[in-house]
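Residues per chain are reported as follows:
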Amino acid sequence: VFEPLFMERVWGGRRLEQLYRKKLPPGSRIGESWELVDREEAQSVVHAGPLRGHTLHELWTGRRDELFGPGLEGAADGRFPLLVKMLDAQERLSLQVHPPAALAATLHGEAKTEMWYVAHAEAGADVFAGLSAPTDRVHFEEALHEGRAADLVQRLPVEEGDSIFIPSGRIHAIGAGCLIVEIQQNSDTTYRVFDWNRLGLDGKPRTLHIEQSLQATDFGDVRPSLQPAVHGANGELAACPFFRVEKWTLDAPRPALAGTGGRFAVFACLEGRVTCAGTTFKPGDFFLVPACLPGAEVAPEGGPAVALRTSIPA
C-alpha cells in the first residue's frame with residue numbers, strides 16, 4: 001500500500017474527502033490523487049510494513065523480478081510503467097490530447113494511452129472523447145480560432161460504472177461532475193487545445209499547446225464508443241500493450257494474480273470491502289499485490305464487493 005499524492009487543480013474539489021475519506025490538505029481544490037507513480041518529480045512511498053518508507057522507484061530498480069515479475073526489464077525507460085490516479089472533476093478539464101509514440105519525441109513529450117472508469121457521477125455528468133463527425137486539421141483549426149472547437153468533439157453522458165479507452169491521439173476532456181479512476185502509461189504530457197476561457201490558480205489564462213495538439217490529434221478518430229455500466233459484471237474493460245484493466249464483482253475469493261503471467265497486479269476497491277493478505281480495504285483504497293505472493297486471494301468482506309484489477313500483459 002502506498003501513500004497517495006494529492007495534486008491541486010483549478011478544476012478540482014473535495015469529493016475525494018467526502019466520498020472516500022481521503023485526508024486532503026485543507027483549503028485546496030484537489031483534482032488528482034496519484035495513487036501509484038514513479039517519476040522524477042513524484043514518488044509513491046510504501047505506507048506500512050517491512051518496506052515502509054521505500055519509494056516505488058527503489059523497489060522497481062532494486063527488486064523488480066521479485067516484486068513485479070518477469071519480462072519487465074525494458075519498461076518505461078527504467079521506471080514503473082503505470083501511473084494510477086483518481087480524478088475529481090468539479091469543473092470540466094481542458095480539451096486536450098496526448099501525443100502518439102511516433103510523434104512524442106518530436107513534440108518534446110511522452111506518449112500517453114489511458115483509460116477511465118467512472119467511480120461516481122453527478123446528474124448530468126459527461127465526458128468528451130473523439131470527434132463527433134469527420135473533419136480535418138484545417139477545419140478544426142478554423143473552429144478553434146472561432147471558439148467552437150468543442151462543438152466538433154463528441155460529448156458522451158456518463159454514469160457510475162461506465163468506462164472508456166483513450167489512446168494517444170484521441171482528443172478528450174473529463175466533464176464536470178465526474179470522479180474517475182484513471183489507468184495510464186507513466187507519462188505527464190498533456191497538450192491543451194482549449195480551456196473554456198478559464199483562468200488558472202494564479203489568476204492567469206493557462207498555457208495552451210495548439211500547434212502540438214494539432215499535430216498530435218488523430219482526425220480520423222470519430223465517435224469512439226463508451227463501455228456502459230453493467231451491474232454485477234465481471235470482465236475486461238480495457239486491453240492494450242501497456243495495461244489490462246478488469247472489473248471484478250466479488251461474492252467469493254479469487255486468486256489475485258491468476259492470468260497475469262506471474263506478474264504483479266494493482267487493485268482499486270470501488271464498492272463494499274475487500275481483503276487481501278490479512279488487510280481490509282474500503283472504497284477508494286488501492287493496493288499492489290506483488291509477484292512474490294502467487295497464492296494471494298482477493299475476497300469480499302461482509303457482502304459483495306467490486307474492484308478493478310490492473311495488470312501488464314505478459
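These figures come from a predicted structure and were not determined experimentally. (Residues numbered from 1 in each chain as written. Predicted model: local features only at pLDDT ≥ 70, side-chain atom pairs only at ≥ 80, totals over all residues. Heavy atoms only, no water.)

### Structural notes on the pattern of salt bridges
Then comes step 1: One pass over the full model with this rule turns up 24 salt bridges.
Then comes step 2: Of the charged contacts, one joins Arg-29 and Glu-91 as a salt bridge, the two residues approaching to 3.1 Å between their closest N and O atoms. Residue Arg-29 is found in the loop between helix 1 (15-20) and strand 2 (30-36), and its partner Glu-91 is found in the loop between strand 5 (82-89) and strand 6 (95-97); the two are separated by 62 residues along the sequence.
Then comes step 3: On the basis of relative accessible area, Glu-91 is assigned to the partly exposed category, the value being 31%.
Then comes step 4: Arg-198 is the partner of Glu-91 in a salt bridge, and the nearest nitrogen-oxygen pair spans 3.4 Å. (Salt bridge = Lys/Arg side-chain N within 4 Å of Asp/Glu carboxyl O. Helix = DSSP H or I, 4+ residues; strand = E, 2+ residues; numbered from the N terminus. Buried < 20%, exposed > 50% of the residue type's maximum accessible area, 1.4 Å probe, protein only.)

### Looking at the sheet that holds strand 21 (residues 297-300)
Then comes step 1: Overall, antiparallel pairing links the four strands, which are arranged 16-21-18-19 in an open sheet. On the outer flanks of this sheet lie strand 16 (254-255) and strand 19 (279-281), each paired with one strand and no other.
Then comes step 2: Note: strand 16 against strand 21, two bridges, orientation antiparallel. Within the sheet, the bridge partner assigned to Pro-255 lies in strand 21 and is Glu-297. (Pairing = 2+ DSSP bridges.)

### Here we look at helix 5 (residues 137-145)
Then comes step 1: What helix 5 keeps buried is the set Phe-140, Ala-143 and Leu-144. Across the axial projection of helix 5, the buried residues extend over an arc of 105°, all falling on one side. Opposite the buried face of helix 5, by more than 90 degrees, sit the exposed residues Val-138 and His-145.
Then comes step 2: Buried positions along helix 5 lie against strand 8 (126-131), strand 9 (153-157), strand 13 (191-194) and helix 6 (210-216).
Then comes step 3: The first or second residue beyond helix 5 is Gly-147, which carries a positive phi of 75°. (Arc of directions from axis to C-beta. Contact = heavy atoms within 4.5 Å.)

### Topic: the side chain of Glu-32
Then comes step 1: Within the fold, Glu-32 resides in strand 2.
Then comes step 2: Among the polar contacts listed, one links the side chain of Glu-32 to the side chain of Arg-9, at a separation of 3.2 Å.
Then comes step 3: In terms of polar contacts, Glu-32 uses its side chain to reach the side chain of Trp-34, at 2.6 Å.
Then comes step 4: Setting aside residues up to four positions removed in sequence, Glu-32 forms contacts with Leu-5, Phe-6, Met-7, Arg-9, Trp-11, Lys-85, Met-86 and Leu-87. (Polar contact = N/O pair within 3.5 Å; in protein donor to acceptor, adjacent residues only side chain to side chain.)

### Structural notes on the packing of aromatic side chains
Then comes step 1: Evaluation of the coordinates by the stated rule reveals 12 aromatic pairs.
Then comes step 2: Consider the rings of Trp-60 and Phe-80, whose centres lie 5.6 Å apart with planes at 85°: the pair is edge-to-face. Of this pair, Trp-60 sits in helix 2 (residues 56-62) while Phe-80 sits in the loop between helix 3 (64-68) and strand 5, and the two are 20 residues apart along the sequence. Phe-80 matches Trp-60 in its accessibility class, with the two residues each being buried.
Then comes step 3: On the basis of an interplanar angle of 45° and a centroid distance of 5.6 Å, the ring pair of Phe-128 and Trp-196 is categorised as tilted. One end of the pair, Phe-128, is in strand 8; the other, Trp-196, is in the loop between strand 13 and helix 6, and 68 residues separate them in sequence. You'll find Phe-128 and Trp-196 in the same group, each marked buried.
Then comes step 4: A network of ring pairs unites the aromatic residues Trp-60, Phe-68, Phe-80 and Phe-264 as a single cluster. (Phe/Tyr/Trp six-rings, centres within 6.5 Å; stacked < 30°, edge-to-face > 60°.)

### So, the state of the cysteines
Then comes step 1: For the structure on display, the rule yields zero disulfides.
Then comes step 2: Here Cys-292 is not disulfide-linked; the sulfur of Cys-276 is the nearest cysteine sulfur, at 11 Å.
Then comes step 3: Assessed through its relative accessible area of 39%, Cys-292 is described here as partly exposed. (Disulfide = S-S within 2.5 Å.)

### Details of the environment of Glu-110
Then comes step 1: Mapping Glu-110 onto the fold places it in the loop between helix 4 (101-104) and strand 7 (114-121).
Then comes step 2: As for Glu-110 and His-98, which are separated by 12 residues in sequence, their C-alpha atoms are 8.0 Å apart.
Then comes step 3: Those residues in contact with Glu-110 that sit more than four places away from it in its chain are Arg-39, Pro-99, Ala-104, Asn-186, Ser-187, Asp-188 and Thr-189.
Then comes step 4: A polar atom in the side chain of Glu-110 sits 3.3 Å from the backbone nitrogen of Asp-188.

### Focus: the sheet that holds strand 17 (residues 265-271)
Strand pairing in a sheet relies on backbone hydrogen bonds, with the paired strands running either antiparallel or parallel.
Then comes step 1: With antiparallel pairing, the five strands of this open sheet are ordered in space as 14-15-22-17-20. What marks the edges here is a single partner per strand, and that holds for strand 14 (235-239) and strand 20 (286-289). Neighbour-to-neighbour, the strand axes of the sheet open up by a mean angle of 25°, direction not taken into account. (Axes fitted to C-alpha atoms, helices over the stretch in contact; angles between N-to-C directions.)

### Some thoughts on the nonpolar core
What tends to happen in soluble globular proteins is that the nonpolar side chains get buried as a cluster.
Then comes step 1: Membership of the largest hydrophobic core comes to 37 residues, with the highest contact counts inside it found for Phe-68, Phe-80, Val-181 and Phe-264.
Then comes step 2: When sequence neighbours within four positions are dropped, the list of residues in contact with Phe-80 reads Leu-36, Asp-38, Leu-56, Trp-60, Phe-68, Asn-186, Phe-264 and Leu-288.
Then comes step 3: By size, the runner-up hydrophobic cluster in this structure holds 17 residues, among which are Trp-116, Ala-125, Val-127 and Val-158. (Core = buried A, V, L, I, M, F, W, Y, C linked by side-chain atoms within 4.5 Å.)

### A look at the environment of Val-222
Then comes step 1: Within the secondary structure, Val-222 is located in the loop between helix 6 and strand 14.
Then comes step 2: By relative accessible area, which is 26% here, Val-222 ends up partly exposed.
Then comes step 3: For the pair formed by Val-222 and Asp-202, sequence separation is 20 residues and the distance between their alpha carbons is 35 Å.
Then comes step 4: Those residues in contact with Val-222, other than ones at most four positions away along the chain, are Leu-131, Ser-132, Ala-133 and Pro-134.

These figures come from the coordinates and say nothing about function on their own.
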